[in-house]
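Here's the letter readout for the chains.
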Amino acid sequence: MPAVGRTYWLTEPCRIRREDNSVRIERADGNPVRIPITDIRDLVTFDHVDINTSALSLLSRNGVALHVLDHYGNHAGHFSPAESMASASVVRRQVEITADPGQRAATGRALVLATAENLRWALDTDLLDPALQSLRSALPECDDSDAIMGQEGNFRRTAWAVLDTQLPAWLRLNGRTRRPPTNAGNAFVSYLNTLVYARVLTALRTTPLHPAIGFLHADTDRRRNTLALDLSEPFKPLFAERLLKRTAAQKKLKPSDFETDVARASLSKDGRKKVAALVKEELATTVYHRTLKRKVSYEELIHLEALKVVRMCLEDRPYKPFRPWW
């Protein structure tokens, strides 16, 4: 992964302004923070942010992305630099592969199976083994995105029910709900899934790929960058369900970290700070990579996943989605 800056998580309302070649973050407490633009890879904003065109121009010239999350943790949008690393030859091949129903279905099946196996790994229970075996048996018969994602939905519903048995009552999902999440557990998962999507989108920006040309989600979600949605799938269990289970076991979360109303919930200001700290710590975690023969961070694993798709386009290598090996 290019060693250019790092991610800054803006968890409170603030103003973003330019000050020479630095970004000035003006907070409610009146103490501004100045960050050299060369120290920033991207910005993730969790709350109301006021930014002007001068600051946006500085971000664009230096290749810095800005991700905007709404109150309920959904990815409301992002600002991308004007210049792109997309390569015409790679994008043409990317289009050819995704236009081939057989190749697209094969990649979609691989993504769904890897995601399911990663979720089984994250929850660490044999209660999911029957559902996983059913998924393995059913996927070869699925030849389009709708059928593949239907099987994925069946497995995930079983997995979320199993996850609930590992959580205190107030954090249980009781079925997955989105836009908005209806309870604390769903709010946590939605925020974490969105952050994974933002990390993948940032990683794709450093490759010659086009983030809107995907495989699995290509026909089901035309409003977002479907390749980023695809590559997010294998990593979501590593962050969302796994961290929810861990924080519940360690009692790091409490009801006051969430704002709940009738049929809707979101992280509170303190909750967003906790989540940002959890994700930063997790992204910095390193594991030994057997092929590279060195330690890599979880953040770098996401970048390496994007490079697998580049190799598929340039070298016709089959895409093998991420699976934890540790």
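Bear in mind that the values here come from a model prediction, so they are computed numbers and not experimental data.

Draft legend 1. Structural detail: the pairing of strand β5 (residues 40-45). Across the 6 residues that make up β5, a large majority, 6, are buried. Two elements, strand β1 (residues 6-10) and β5, share 5 bridges in a ladder whose sense is parallel. If you follow Trp-9 over to β5, its bridge partner there is Val-44. Bridging between β5 and strand β7 (residues 65-69) involves 4 bridges; their strand directions are parallel. Residue pairing for β7: Thr-45 is matched across the bridge by Val-68.

Draft legend 2. Highlighting the layout of surface pockets. Computed from the structure, the largest pocket encloses a volume of approximately 630 Å³. Lining the largest pocket are 23 residues; nearest its centre among them are Arg-178, Asn-193, Arg-224, Glu-233 and Lys-236. Only α5 (145-164), α6 (184-204) and α7 (226-232) provide two or more residues apiece to the lining of the largest pocket. Per-element tally for the lining of the largest pocket: the top contributor is α5, with 6 residues.

Draft legend 3. A look at the sheet that holds β5. The mixed open sheet is built from 4 strands, whose spatial order is β1-β5-β7-β8. Since the sheet does not close on itself, it has two edges, and those belong to β1 and β8 (75-79), each with one partner. Direction aside, the axes of adjacent strands within the sheet are offset by 15° on average. Helix α1 (residues 53-61) rests against β5, β7 and β8 of the sheet, and its axis sits at about 75° to β8.

Draft legend 4. Examining helix α2 (residues 88-99) more closely. Its 12 residues give α2 an end-to-end C-alpha distance of 16 Å, which sits within 8% of 16 Å, the value for a rise of 1.5 Å per residue. Here α2 has its buried residues at Val-90, Val-91, Gln-94, Ile-97 and Thr-98. Relative to the axis of α2, the buried residues are bounded by an arc of 120° and lie together on one face. Summarising the geometry of α2, the exposed residues directed more than 90 degrees from the buried face are Ala-88, Arg-92 and Ala-99.

Draft legend 5. Highlighting the packing of helix α3 (residues 101-123) against α5. Across the interface, α3 lies against α5 with an axial gap of 10 Å and an inter-helix angle of 5°. By the criterion of interaxial angle, the relationship of α3 to α5 is roughly parallel. Judged by residue contacts, Ala-105, Gly-108, Arg-109, Val-112, Thr-115, Ala-116, Leu-119 and Leu-123 of α3 engage Ile-148, Glu-152, Phe-155, Arg-156, Ala-159 and Leu-163 from α5. Taken together, the residues that form the contact of α3 with α5 break down as 9 nonpolar, 2 polar and 3 charged.

Draft legend 6. Highlighting a negative patch on the surface. A surface patch of like charges, here negative, comprises Glu-141, Asp-143, Asp-144 and Asp-146. On the secondary structure map, Asp-143 appears in the loop between α4 (129-138) and α5. What makes Asp-143 exposed here is its relative accessible area of 56%.

Draft legend 7. Structural detail: the packing of α2 against α3. Where α2 contacts α3, the two axes come as close as 5 Å, and the packing angle between them is 85°. When the axes of α2 and α3 are compared, the pair comes out roughly perpendicular. From α2, Arg-93, Ile-97, Thr-98 and Ala-99 reach across to α3, where they touch Pro-101, Gln-103 and Arg-104. Considered class by class, the residues forming the contact of α2 with α3 number 3 nonpolar, 2 polar and 2 charged.

Draft legend 8. Quick look at helix α9 (residues 269-284). In this model, α9 (16 residues) spans 23 Å end to end at C-alpha, consistent with the 22 Å of a helix rising 1.5 Å per residue. Taken as a whole, α9 has its buried residues at Gly-271, Arg-272, Val-275, Ala-276, Leu-278, Val-279, Glu-282 and Leu-283. For α9, the buried positions fall inside an angular range of 165° around the axis, keeping them on one side. In this structure, α9 carries Glu-281 and Ala-284 as exposed residues pointing more than 90 degrees from its buried face.

Draft legend 9. Spotlight on the confidence of the model for the protein. Residues with a pLDDT of 70 or more make up 96% of the protein, whose mean pLDDT is 90. Per-element confidence in the protein ranges from a low mean pLDDT of 85 for β8 to a high of 96 for α4.

Draft legend 10. Local environment of the nonpolar core. Phe-155, Phe-188, Phe-239 and Leu-244 are the most contacted members of the largest nonpolar core, which has 76 residues in total. Residue contributions to this core peak at 13 residues, all from α6. In this structure Phe-188 touches Ala-240, Leu-243, Leu-244, Thr-247, Leu-253, Phe-258, Val-275 and Leu-278, once residues within four positions along its chain are discounted. Core analysis: the next-biggest nonpolar cluster, separate from the first, contains 15 residues, Val-23, Ile-35, Ile-40 and Val-64 among them.

Draft legend 11. Highlighting the environment of Arg-24. Here Arg-24 is to be found in strand β3 (residues 22-27). Among the residues examined, Arg-24 registers a relative accessible area of 18% and is labelled buried. The spacing of Arg-24 and Pro-36 is 12 residues in sequence and 8.8 Å in space, taken between C-alpha atoms. Reaching out from Arg-24, the side chain makes a polar contact with the side chain of Glu-26 at a distance of 2.5 Å.

Thresholds applied
- Position labels on residues start from 1 in each chain and follow its written sequence.
- Owing to the predicted nature of the model, reporting of local features is limited to residues with pLDDT of at least 70; listing and counting of side-chain atom pairs is limited to 80 or more, with chain, interface and lining totals taken over all residues.
- Hydrogens are left out, water is left out, and the side-chain values use all remaining heavy atoms of the structure.
- Three exposure classes are used, based on accessible area relative to the maximum for each residue type with a 1.4 Å probe and protein chains only: buried under 20%, partly exposed in between, and exposed over 50%.
- Secondary structure elements follow DSSP: runs of H or I no shorter than four residues count as helices, runs of E no shorter than two count as strands, and numbering proceeds from the N terminus.
- In this description, strands pair whenever DSSP reports at least two bridges between them.
- Method remark: on a 1 Å grid restricted to protein atoms, a set of points is classed as a cavity if a 1.4 Å probe fits but cannot get out and as a pocket if it is open with protein on both sides within 12 Å along at least five of seven lines; lining residues have an atom within 4 Å of a point.
- Grid points are joined across faces, edges and corners, and a volume is the space filled by probe spheres set on the points.
- Only the contacting stretch of a helix is used when fitting its axis, a line to C-alpha atoms as for every element, and angles between N-to-C directions run 0 to 180 degrees.
- By the convention used here, residues are in contact when the closest approach between their heavy atoms is within 4.5 Å.
- One less than the residue count of a helix, multiplied by 1.5 Å, gives the span that helix is expected to have.
- Note that the arc is computed from the directions linking the helix axis to the C-beta atoms.
- Any angle between 65 and 115 degrees counts as roughly perpendicular, while under 35 counts as roughly parallel, over 145 as roughly antiparallel, and the rest as oblique.
- Amino acids outside the nonpolar list (Ala, Val, Leu, Ile, Met, Phe, Trp, Tyr, Cys, Pro) and the charged list (Asp, Glu, Lys, Arg) are all regarded as polar, and Gly is one of them.
- Note that patches include only residues with greater than 30% relative accessible area and no salt bridge, and the join distances are 9 Å for like charges and 5 Å for nonpolar side chains (Val, Leu, Ile, Met, Phe, Trp, Tyr).
- To be clear on the numbers: accessible area is Shrake-Rupley with a 1.4 Å probe, and residue cover counts the displayed protein chains and nothing else.
- Any Lys or Arg side-chain nitrogen located within 4 Å of an Asp or Glu carboxyl oxygen qualifies as a salt bridge.
- We score Asp and Glu as negative and Lys and Arg as positive, and we do not count His or the chain ends.
- Every charge is mapped onto a representative atom, which is NZ of Lys, CZ of Arg, CG of Asp or CD of Glu.
- Residue-level confidence of the predictor is summarised by pLDDT, bounded by 0 at the bottom and 100 at the top.
- Within this scheme, the nonpolar core is defined by two criteria: the residues are buried Ala, Val, Leu, Ile, Met, Phe, Trp, Tyr or Cys, and they are joined through side-chain atoms within 4.5 Å.
- We define a polar contact as two N or O atoms separated by no more than 3.5 Å, with the added condition that, inside protein, one atom must be a possible hydrogen donor and the other a possible acceptor, whereas residues neighbouring each other in sequence contribute only through side-chain atom pairs.

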